[in-house]
Amino acid sequence: MAGSALWPLAAHGQKSVIPRVGIVWIASRSEVAPFQEAFRQGLRELGYVEGETIAIEARFAEGKVELAPGIAEELVRLKVDVIVAPSATVLRLLKQATTTIPIVMANVSDPVGFGFVASLQRPGGTITGFSNLMVEQVGKNVELCKEAIPGLSRLAVLVNPAVLDATLVLKEVQAAAPALGFTVHPVEARQPNDLEGAVAQAREQANGLLVSTIEGMFFVNRVQIIEAAARHRLPAVFAAPPFGLASAGALLAYGANTPDMLRRAASYVDRIVKGAKPADLPVQQPTKFELGVNLKTAKALGLSIPPSILVRADEVIE
């Protein structure tokens, strides 16, 4: 029976080959599960069956950024057909690891400014995908800070200098601050152990906190950041979509819908494995932005969220 079951492949000398897609996550499998599932859903919507018509080689750094270079190199050695980069940090590592494997980015802030692509319309090279419009997103977050925190005069911005987005976000906040009437106070955290001290420093210097990105270390330790802000009675606003943030106690969270970008990234994976060149696929921008509000946190801080914010909220925690 075993011999007859194998006969058709043996008789024709064929080998079953399906496209292999790599994807690198800085955070753990459980923490990025909604985003990973969105990508898989996108593939299913295109007719793929995982394990039968496509294989996903997902790798997780478990929140340890120092492990990511090795993971990127592993996928390159596996010679996967295309790799998905769900952050600028991952994309930078992949760009260093390979110049031949196509890369589909998702949720990257400034692909042109960071030198990942030549232009949005004509990326050139082996990289294309989806930008998260971080510049516009940060401007909106700054406005929300001013709107939600009465008397905001000093805004602390939590940044990780090791992350590409940090400089971009800080620059945009500093550009918006004069017109809105507050000063900007950067506070740095490179490792989880730095977070408590950074939030304490922010409390000393400011009466509001903007967390510049949830990429990598900040995403993994988002609850720690939120809890530290609560202890120091510091309103914390995240420049990121509300998934797992508003529910964890962030006062506000606003950003491009990350699962939607991962779902849409599947369409570019599909086109590339069917022969399209990344250089010919324009970089796309998000179509969905979401706002989350936590009214429990607002009450604990003695704040009243204006109706103008609540009416726009996609997620309200009461």
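Residues numbered from 1 in each chain as written. Predicted model: local features only at pLDDT ≥ 70, side-chain atom pairs only at ≥ 80, totals over all residues. Heavy atoms only, no water.

1. Topic: the packing of helix 2 (residues 33-45) against helix 10 (residues 258-273)
Right, so step 1: It is at 7 Å that the axes of helix 2 and helix 10 come closest, and there the two elements cross at 40 degrees. The angle between the axes of helix 2 and helix 10 places the two elements in the oblique class. Once helix 2 is placed against helix 10, the crossing between them reads as right-handed. The residues of helix 10 that touch helix 2, namely those facing F35, A38, F39, Q41, G42, L43 and E45, are T258, P259, L262, R263, A265, A266 and V269.
Right, so step 2: Here the residues of the contact of helix 2 with helix 10 are counted per class, giving 9 nonpolar, 3 polar and 2 charged. (Axes fitted to C-alpha atoms, helices over the stretch in contact; angles between N-to-C directions. Helix = DSSP H or I, 4+ residues; strand = E, 2+ residues; numbered from the N terminus. Parallel < 35°, antiparallel > 145°, perpendicular 65-115°, else oblique. Left-handed = near helix turned anticlockwise from the far one by under 90°. Contact = heavy atoms within 4.5 Å. Nonpolar A, V, L, I, M, F, W, Y, C, P; charged D, E, K, R; others polar.)

2. Details of the sheet that holds strand 11 (residues 289-294)
Within a beta sheet, neighbouring strands are joined by backbone hydrogen bonds and run either parallel or antiparallel to one another.
Right, so step 1: The strand order across the open sheet formed by 7 strands is 7-6-8-9-10-11-12, and the pairing between neighbours is mixed. The strands lining the two open edges of the sheet, one partner per strand, are strand 7 (183-188) and strand 12 (315-317). Pairs of neighbouring strands in the sheet enclose a mean axial angle of 20 degrees, with direction left out of account.
Right, so step 2: Strand direction decides the pairing type here: strand 9 (residues 236-238) and strand 10 (residues 252-256), joined by 2 bridges, are parallel. (Pairing = 2+ DSSP bridges.)

3. Looking at the sheet that holds strand 5 (residues 127-131)
Right, so step 1: Within the open sheet, the 5 strands sit side by side as 2-1-3-4-5. Their pairing is parallel. Because the sheet does not close on itself, it has two edges, and the strands there are strand 2 (55-60) and strand 5. Looking at each pair of strands side by side, their axes are set apart by 20 degrees on average, direction ignored.
Right, so step 2: Pairing between strand 3 (residues 82-85) and strand 4 (residues 103-108): 3 bridges, direction parallel.

4. Let's talk about the pairing of strand 5
Right, so step 1: A large share of strand 5 lies buried, amounting to 5 of its 5 residues.
Right, so step 2: Across 5 bridges, strand 4 lies against strand 5 in parallel orientation. What sits directly across from V108, in strand 5, is S131. (Buried < 20%, exposed > 50% of the residue type's maximum accessible area, 1.4 Å probe, protein only.)

5. Observations concerning unusual backbone geometry
Right, so step 1: Despite not being glycine, E62 has its phi angle at roughly 55 degrees, a positive value.
Right, so step 2: Mapped onto the secondary structure, E62 falls in the loop between strand 2 and helix 3 (68-78).
Right, so step 3: On the accessibility criterion, E62 (46% relative accessible area) is partly exposed.
Right, so step 4: Not every positive phi belongs to a glycine, and K79 is a case in point at roughly 55 degrees.

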